[in-house]
Amino acid sequence: MDKEYSGIEDRQSYVSTSGKNWEIVVMDFVNDYFSKNNIPLTVIRGRGLKNKHKELWNNLAIPVKDGKVEGDVDLVVVHTEKPHIPLAVISCKTSLHGRFSETLFYAVVWKQMIPKIVVVFATPDKGRQSKKQWQSEWGTQEKPTKDRELAEKYLDGVYIKHDSSSYGGKIKKLDELPSDLNKMLIG
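These figures come from a predicted structure and were not determined experimentally. (Residues numbered from 1 in each chain as written. Predicted model: local features only at pLDDT ≥ 70, side-chain atom pairs only at ≥ 80, totals over all residues. Heavy atoms only, no water.)

Student: Summarise the sheet that holds strand β6 (residues 118-123); cite the residues concerned and give the values.
Tutor: In sheet architecture, strand pairing relies on hydrogen bonds along the backbone and comes in two forms, parallel and antiparallel. An order of β1-β4-β5-β6-β7-β8 is seen for the six strands of this open sheet, with the pairing classed as mixed. Looking at which strands have only one partner, the edges of the open sheet turn out to be β1 (41-45) and β8 (171-173). Along the sheet, successive strands turn relative to each other by an average axial angle of 35 degrees, direction set aside. Bridge count between strand β4 (residues 75-79) and strand β5 (residues 82-92): five bridges; the pairing is antiparallel. Note that in β5 the partner of V78 across the bridge is P86. Together, β5 and β6 form the strand contacts of helix α4 (residues 100-113), whose direction differs from that of β6 by roughly 165 degrees. (Pairing = 2+ DSSP bridges. Helix = DSSP H or I, 4+ residues; strand = E, 2+ residues; numbered from the N terminus. Axes fitted to C-alpha atoms, helices over the stretch in contact; angles between N-to-C directions. Contact = heavy atoms within 4.5 Å.)

Student: I'd like to hear about the packing of α4 against helix α5 (residues 146-154), residue by residue, with values.
Tutor: The geometry of α4 relative to α5 is characterised by a closest axis approach of 11 Å and an angle of 15 degrees between their N-to-C directions. Judged on the interaxial angle alone, α5 and α4 are roughly parallel. The two elements α4 and α5 meet at a crossing, and its hand is left-handed. Mapping the contact onto sequence places F100, L104, A107, V108 and K111 in α4 and D147, L150, A151 and Y154 in α5. Of the residues assigned to the contact of α4 with α5, the class counts are seven nonpolar, no polar and two charged. (Parallel < 35°, antiparallel > 145°, perpendicular 65-115°, else oblique. Left-handed = near helix turned anticlockwise from the far one by under 90°. Nonpolar A, V, L, I, M, F, W, Y, C, P; charged D, E, K, R; others polar.)

Student: Just give me the short version of the pattern of salt bridges, but keep the residues and values in it.
Tutor: Counted by the stated rule, this structure contains 10 salt bridges. A salt bridge links D32 to K36; the shortest N-O distance between them is 3.1 Å. Note that D32 and K36 are positioned in helix α1 (residues 8-36) at a spacing of four residues, about one turn of the helix. Among the charged side chains, a salt-bridge network with shared partners connects D72, D74, K93, R99 and E102. (Salt bridge = Lys/Arg side-chain N within 4 Å of Asp/Glu carboxyl O.)

Student: Please set out α4 residue by residue, giving values where relevant.
Tutor: A rise of 1.5 Å per residue sets the reference length of α4, with its 14 residues, at 20 Å; its end C-alpha atoms lie 20 Å apart and thus fit the reference within 8%. In the core, the buried residues of α4 are packed alongside α3 (54-60), β2 (62-64), β5, β6 and α5. (Expected span 1.5 Å × (residues − 1).)

Student: Go over the pairing of β5, please, and point to the residues and values.
Tutor: Remark: two residues form the turn of the hairpin made by β4 and β5, two consecutive strands paired antiparallel. One ladder, built from five bridges, connects β5 with β6; its direction is parallel. In the sheet register, I90 faces β6, and the bridge partner there is V120.

Below is the structure:
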């Protein structure tokens, strides 16, 4: 069932709040796994990175003509002994609507800047909003959506929290994200 909004500002507020909440859910889930398994990695929120973690921000910022600009960093994974070096970025979006291309763009740029960086996407898969019946935004391995094909090409993984999504290839359950990060980053 679709949420009713009193206007565009009400909808934007809801989208912003649900996005921030999703980031916190993913961050807490992954950090909890790292902590319980004594893995020397930690996830940091991207908001306020420039003020709280200046050197880390500098390592992720995109060089432009007159300096650097901030990329779309929702969450960043660092080693606890080297917290200024970004090892992975987790892009967290509650839906693909209008923002997935931004994640793909930054993934390509970061991989040029930091060759070993891992870029993954985490989503609850709210489904195709134009469909009357829920339908995954990712399609299936046999009938992939354009977004699934792009994710398979440019990202290191897509992690979904929805029981009806079709998994396979780089499209996996959210439950696999922490252990996959451990394998990709520590070995």
